[in-house]
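Here is how the chains run, residue by residue.
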Amino acid sequence: MTEVQLDPYQQRYARRARGMTASEIRALFAVATRPEIVSLAGGMPYTAALDNDAITEVTTAVLRDAGPAALQYGGGEGLAPLRERLVDVMAAEHLKVHPDDIVVTNGGQQALDLLARLFCNPGDLVLAEGPTYVGALGAFSSYQGHVIHIDMDAHGLIPEALDDTMAALADAARTPKFLYTVPNHQNPAGVSLSLRRREQLIERAERYDLLLVEDNPYGLLDFKGEQLPCLHTMAPDRVIYLGTLSKIFSPGIRIGWAVAPAPIRRKLTLLKETADLSQSNLTQYVA
């Protein structure tokens, strides 16, 4: 029998770190990256299909034409040329934003971590679809946020279930910090929030004074051409939009971004600078 080894540093950790356990994402990737496994469990793009010659050519051009800048520190908000390109990416989903509205992050996961760090005190409540993305749950729980799940069906989050939850929280004199949602091809349920449900969710966000976090890794991966409006286009002052290049280009490039109202965006930039000083200029130029 394997002997359980006690952690001699346990009493030195901050309280929020003492309850940390094994990472579900790390365990998933440990299996999914084995060569004999074809895993459908995780959102891992088939990077072998990428045009490596084109990526090599672009990377060589970056080092040749912008080498000193690409290998230098950058700003916390991200490179301006990349943010301009990300405006084009979002325009494909009819999102109209300005480059200054964007904060580039180390993948979409860092954006979730920064938001949890910004909003969650120990014991604070976060609403999310049930089930929801395990990486988001890990980010929220790492800052001791408590997630309350809202039921879903084939059309996405059920507005009446949100009503029931908000009524129960009002009776308990509790207010959630925000509602986290993956409206397009939801991870892990795979369903998309219908247009009617999107309108109802925005109406309820106004009614309950609820901030929404819209995580959209999969919006451009619709094979049916049934593109629905992003929540951010319906209420930009009430929605924090998260995007990533991990699913449409490469997870290894580690480029995500957040679009948020100006006061929130400024706070996210400050938090990012304390976390990593700046995003990799090299990967930003390549992207």
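See above for the structure.
Residues numbered from 1 in each chain as written. Predicted model: local features only at pLDDT ≥ 70, side-chain atom pairs only at ≥ 80, totals over all residues. Heavy atoms only, no water.

J.: What is the right way to look at the nonpolar core in this model?
T.: The nonpolar side chains of soluble globular proteins are, as a tendency, buried together. By size, the foremost hydrophobic cluster in this structure holds 27 residues, and its most contacted members are F140, F178, Y180, I240 and L242. For this core, the elements supplying multiple residues, two or more each, are α5 (107-119), β2 (125-130), α6 (134-142), β5 (178-181), β7 (239-244) and α10 (262-276). For this core, the element with the most residues is α5, which contributes six residues. The contacts of L242, once residues within four sequence positions are left out, are A111, L112, L115, V213, E214, D215, N216, W257 and A258. (Core = buried A, V, L, I, M, F, W, Y, C linked by side-chain atoms within 4.5 Å. Buried < 20%, exposed > 50% of the residue type's maximum accessible area, 1.4 Å probe, protein only. Helix = DSSP H or I, 4+ residues; strand = E, 2+ residues; numbered from the N terminus. Contact = heavy atoms within 4.5 Å.)

J.: In this structure, what is going on with the side chain of R197? I would like to understand it.
T.: With respect to the element layout, R197 can be found in helix α8 (residues 195-208). Contact partners of R197, with chain neighbours within four places excluded, come to D153, H155, G156, L157, I158 and P159.

J.: Please clarify how the pattern of salt bridges should be interpreted in this entry.
T.: Proximity of charged atoms lets side chains of opposite charge pair with each other. Using the criterion set out here, one finds 13 salt bridges in the structure. One salt bridge connects D153 with R197, and the closest N-O pair in it is separated by 2.9 Å. Within this pair, whereas D153 is found in strand β3 (residues 146-153), its partner R197 is found in helix α8, the two being separated by 44 residues in sequence. Judged by relative accessible area, which is 30%, D153 ranks as partly exposed. For R197, a relative accessible area of 13% translates into the label buried. (Salt bridge = Lys/Arg side-chain N within 4 Å of Asp/Glu carboxyl O.)

J.: In this structure, what is going on with the environment of H98? I would like to understand it.
T.: Relative to the helices and strands, H98 is located in the loop between α4 (80-91) and β1 (102-105). H98 sits 31 residues away from G67 along the chain, and the two C-alpha atoms are 27 Å apart. There is a polar contact of 3.0 Å between the side chain of H98 and the backbone nitrogen of D100. (Polar contact = N/O pair within 3.5 Å; in protein donor to acceptor, adjacent residues only side chain to side chain.)

J.: Would you explain α5 in this entry?
T.: Counting along an α-helix, one turn takes 3.6 residues, and residues three or four places apart therefore face a common direction. An ideal rise of 1.5 Å per residue puts 18 Å on 13 residues; α5 measures up with 19 Å between its terminal C-alpha atoms. Of all the positions in α5, only G107, G108, Q110, A111, L112, L114, L115, A116 and F119 are classed as buried. (Expected span 1.5 Å × (residues − 1).)

J.: Quick question: what am I supposed to make of the sheet that holds strand β4 (residues 156-157) here?
T.: Adjacent strands of a sheet form backbone hydrogen bonds with each other and so pair up, either parallel or antiparallel. The strand order β1-β8-β7-β6-β5-β2-β3-β4 describes an open sheet built from eight strands, whose pairing is mixed. Two strands lie at the open edges of the sheet, namely β1 and β4, each paired on one side alone. α5 contacts β1, β5, β6 (212-215), β7 and β8 (256-259) of the sheet and is inclined by roughly 150° relative to β7. (Pairing = 2+ DSSP bridges. Axes fitted to C-alpha atoms, helices over the stretch in contact; angles between N-to-C directions.)

J.: Mind showing me how you'd approach a nonpolar patch on the surface here?
T.: There is a patch of nonpolar side chains on the surface, built from L220, L221 and I248 and spanning about 200 Å² of accessible area. Here L221 lies in the loop between β6 and α9 (231-234). Accessibility expressed as a relative area gives 32% for L221, which makes it partly exposed. (Patch = residues over 30% accessible without salt bridge, like charges linked within 9 Å, V, L, I, M, F, W, Y side chains within 5 Å. Areas by Shrake-Rupley, 256 points an atom, 1.4 Å probe, with all protein chains shown as cover.)

J.: What exactly am I supposed to notice about the packing of aromatic side chains here?
T.: Each aromatic ring pair is described using two quantities: the centre-to-centre distance and the angle formed by the ring planes. The full count for this structure, using the stated rule, is three aromatic pairs. Between the aromatic rings of F119 and F178, the centroid separation amounts to 5.8 Å while the plane-to-plane angle is 70°, which identifies the pairing as edge-to-face. Of this pair, F119 sits in helix α5 while F178 sits in strand β5; the two residues are 59 residues apart in sequence, bridging distant segments of the chain. On the basis of relative accessible area, F178 is assigned to the buried category, the value being 0%. Between the aromatic rings of F140 and F178, the centroid separation amounts to 5.5 Å while the plane-to-plane angle is 70°, which identifies the pairing as edge-to-face. Residue F140 is located in helix α6, and its partner F178 is located in strand β5; the two are separated by 38 residues in the primary sequence. One aromatic cluster in this structure is built from F119, F140, F178 and Y180. (Phe/Tyr/Trp six-rings, centres within 6.5 Å; stacked < 30°, edge-to-face > 60°.)

J.: Is there a simple way to explain the packing of α5 against α6 in this structure?
T.: A packed helix pair is summarised by two numbers, namely the angle formed by the two axes and the spacing between the axes. Packing of α5 against α6 leaves a shortest axis separation of 8 Å and a crossing angle of 30°. By the angle between their directions, the pair α5 and α6 is classed as roughly parallel. Handedness of the crossing formed by α5 with α6: right-handed. Of the residues in α6, those touching α5 at Q109, L112, D113 and A116 are G135, A136, A139, F140 and S142. Along the lines of polarity and charge, the residues of the contact of α5 with α6 split into five nonpolar, three polar and one charged. (Parallel < 35°, antiparallel > 145°, perpendicular 65-115°, else oblique. Left-handed = near helix turned anticlockwise from the far one by under 90°. Nonpolar A, V, L, I, M, F, W, Y, C, P; charged D, E, K, R; others polar.)

J.: What am I meant to see in the environment of A66 here?
T.: In this structure, A66 sits in helix α3 (residues 52-70). Along the primary structure A66 and L282 are separated by 216 residues, whereas in three dimensions their C-alpha atoms are 9.1 Å apart. Discounting residues that sit within four places of it in the chain, A66 has contacts with A61 and Y285.

J.: Help me understand the packing of helix α7 (residues 159-171) against α8, please; the structure alone is not making it clear to me.
T.: Between α7 and α8, the shortest axis-to-axis distance is 10 Å and the interhelical angle comes to 20°. In terms of axis orientation, α7 runs roughly parallel to α8. Between α7 and α8 lies a crossing whose hand is right-handed. Touching P159, E160, L162, D163 and M166 of α7 are R197, Q200, L201, R204, R207 and Y208, all from α8. Residue composition of the contact of α7 with α8, by class: five nonpolar, one polar and five charged.

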